Amino acid sequence: MSLTIKEVSEIYKLAAISADANEMEKMKAHIDALIPILDEMEKVDTEGVIPFFELSESLETVDFEPALSESSKDIIDAFTQKEDDYLVVKKVVDKGE
């Protein structure tokens, strides 16, 4: 399996990253090189292997409120639109509408 340039372009679009045709060709080559590795990994027998994906259960969490620097306060104060504890920014992702 190999990706098309159109598919690579869609990946860049979803990531909100711009790239020229040369950069997309390079990325396509990198992704195409990964696909056979992933195909080989799918062949590995994992029967009886216990999944280890819930790190949060074994880690101790600590709640803390980080201290804001003066420059952080200046940036927050510069925002004209705020909702609750969030700063409202211009939409940068196009959902293909």
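Up top you'll find the structure we're talking about.
Described below are features of the structure shown in this document. A quick note: this is a predicted structure, and the numbers were derived from the prediction, not measured. (Residues numbered from 1 in each chain as written. Predicted model: local features only at pLDDT ≥ 70, side-chain atom pairs only at ≥ 80, totals over all residues. Heavy atoms only, no water.)

1. A word on the packing of helix 1 (residues 5-14) against helix 2 (residues 21-42)
Where helix 1 contacts helix 2, the axes come no closer than 10 Å and their chain directions differ by 100°. The orientation of helix 1 with respect to helix 2, classified from their angle, is roughly perpendicular. Of the residues in helix 2, those touching helix 1 at I5, V8, S9, I11 and Y12 are E23, M24, E25, M27, K28 and I31. Residue classes in the contact of helix 1 with helix 2 are distributed as seven nonpolar, one polar and three charged. (Axes fitted to C-alpha atoms, helices over the stretch in contact; angles between N-to-C directions. Helix = DSSP H or I, 4+ residues; strand = E, 2+ residues; numbered from the N terminus. Parallel < 35°, antiparallel > 145°, perpendicular 65-115°, else oblique. Contact = heavy atoms within 4.5 Å. Nonpolar A, V, L, I, M, F, W, Y, C, P; charged D, E, K, R; others polar.)

2. So, the pattern of salt bridges
Evaluation of the coordinates by the stated rule reveals three salt bridges. In this structure, K28 and D32 form a salt bridge, with 2.7 Å as the shortest nitrogen-oxygen distance. Here D32 and K28 lie together in helix 2, a separation of four residues that amounts to about one turn. Comparing K28 with D32 shows no difference in burial state: the two are buried. Note that K73 and E70 form a salt bridge whose closest N and O atoms lie 3.6 Å from each other. Here E70 and K73 lie together in helix 4 (residues 70-78), a separation of three residues that amounts to about one turn. The class for K73 is partly exposed, based on a relative accessible area of 36%. (Salt bridge = Lys/Arg side-chain N within 4 Å of Asp/Glu carboxyl O. Buried < 20%, exposed > 50% of the residue type's maximum accessible area, 1.4 Å probe, protein only.)

3. As for the side chain of K28
Overall, K28 belongs to the buried group, its relative accessible area being 17%. Reaching out from K28, the side chain makes a polar contact with the backbone oxygen of L3 at a distance of 3.1 Å. Setting aside anything within four residues of it in sequence, one finds K28 in contact with S2, L3, T4, I5 and V8. (Polar contact = N/O pair within 3.5 Å; in protein donor to acceptor, adjacent residues only side chain to side chain.)

Any functional reading would require information that these geometric values do not contain.
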